[in-house]
Amino acid sequence: MIKFSINKNAFQNALRITKQAIGSKVTIPALTKLKIEVEENGITLIGSNGQISIKNFLPVDNKDASMLISGTGSVLLEAAFFENVVSQLPEVTLEFTEKEQKQVLLTSGKSEITLKGLDSEIYPHLQEISEGSSLKMKVKVLKEIFTETVFAVSTQENRPIFTGVHLETLSTGELKAVATDSHRMSQRLLPLEDSELKFDVILPSKSINSFKNVFTNDEEEIEIFISGSQMLFRNETISYYSRLIEGSYPDTNRLIPNEADYTLDLVFDAAQLRHTMDRARLLTVMTTNGTVKLTVSGDSVVTTANSPEVGSVHEELTALSKEGNDLAISFNPEYLIDALKVIKATEVRIRFISNVRPFTLQPRNEESGFVQLITPVRTN
């Protein structure tokens, strides 16, 4: 039967990470539970919602945990309630003791709390991924790629493949990440060091958002494995499993214009452009079409937005450089603001073909590594 003592803060941190995978709205009641496995070498916390699964191992020699194990076994506990109870315990150290019929006694200082547990045998078996070829990446790099693309995924569940980020290893030795909701697209290419792992998968946006909260040490290196419909991200203590979205992602390369197609090339200060769009958005949220109009005429670059109920905005922009023809084009400022949020460069290059064709954004001096695309809105 289980019996151990542990530092509350270390245990709470492990609970917080594991709980990322536990949902309240699940079809299998056991998946609202936290599975605790205690062995002589440490404690494993397991959580899953059917789409995301996390195995989080706390080794007995973890200095922060100050762990002492005197009994082994496994048990299921109501995840949300258990985490709340642990957070309210009064002392730095807690003792966890399994009693008869899977009851658990938590002791901390003068506080004693008894919880009803369940037999761990009713917990669904997690699909393991066989360890073959893998890809090693720094957490920081992977987070950057996810941040630069995931905002462009679709929120419409009727087209599932667009609710995730398409990740593909190319024959050029690069990792390609792309997301689109059919109104905008964001694509990032990253050169890879030698890797035998080849894949073409769609990772759900929900898994990406949870990933950012699970792996908090940006400087550590994690290993990536893929098997069938699952993707595994793993460091020394955490195994993070995600189901993949089934289906074939469309060829987005054809959406990116050829260099010869562009008729207008503008460079802006990224911060100034974003502030201008923020002000224009104040009005566009009050209108039905919600668009801002960019008019380029000679050396003049002007943004305008009109709302019959509220008023209008007219603002001159300073282009750092301009090459090409005059143009007037309308678009949703939200898309441009979202795009600018993930561009770290101080200057942004925007290129146009016509007022009815998508235009592209890139950090200035960026070649093909990071490109975003926004579809204009046709107005009368």
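Everything discussed here concerns the structure shown above.
Notes on the structure in this doc start here. The shown structure was predicted, so the numbers you read here are calculated from the model rather than taken from an experiment.

A word on the overall build of the chain
Along the chain, the regular secondary structure elements total 6 helices and 26 strands. Oriented by its inertia axes, the alpha-carbon framework of the chain measures out at about 80 × 50 × 35 Å. The burial tally for the chain puts 51% of its 380 residues in the buried class. Residue pairs in contact within the chain that sit at least 24 positions apart in sequence constitute 66% of those at least 6 positions apart. Element-wise, carbon and sulfur atoms account for 45% of the exposed surface of the chain, whose accessible area totals about 18,900 Å². Mean positive and mean negative side-chain charge positions of the chain (39 and 50 charges, respectively) differ by 4 Å.

Quick look at unusual backbone geometry
With phi around 65°, K102 is a residue other than glycine that occupies positive phi space. Owing to a relative accessible area of 21%, K102 belongs among the partly exposed residues under this scheme. Even without a glycine there, the phi angle at S182 is positive, about 80°. Position of S182 relative to the elements: it lies in the loop between β12 (174-180) and β13 (184-191). On the accessibility criterion, S182 (48% relative accessible area) is partly exposed.

Conventions and cut-offs
Residues numbered from 1 in each chain as written. Predicted model: local features only at pLDDT ≥ 70, side-chain atom pairs only at ≥ 80, totals over all residues. Heavy atoms only, no water. Helix = DSSP H or I, 4+ residues; strand = E, 2+ residues; numbered from the N terminus. Buried < 20%, exposed > 50% of the residue type's maximum accessible area, 1.4 Å probe, protein only. Contact = heavy atoms within 4.5 Å. Areas by Shrake-Rupley, 256 points an atom, 1.4 Å probe, with all protein chains shown as cover. Lys, Arg positive; Asp, Glu negative; His and termini not counted. Charge placed at Lys NZ, Arg CZ, Asp CG, Glu CD.

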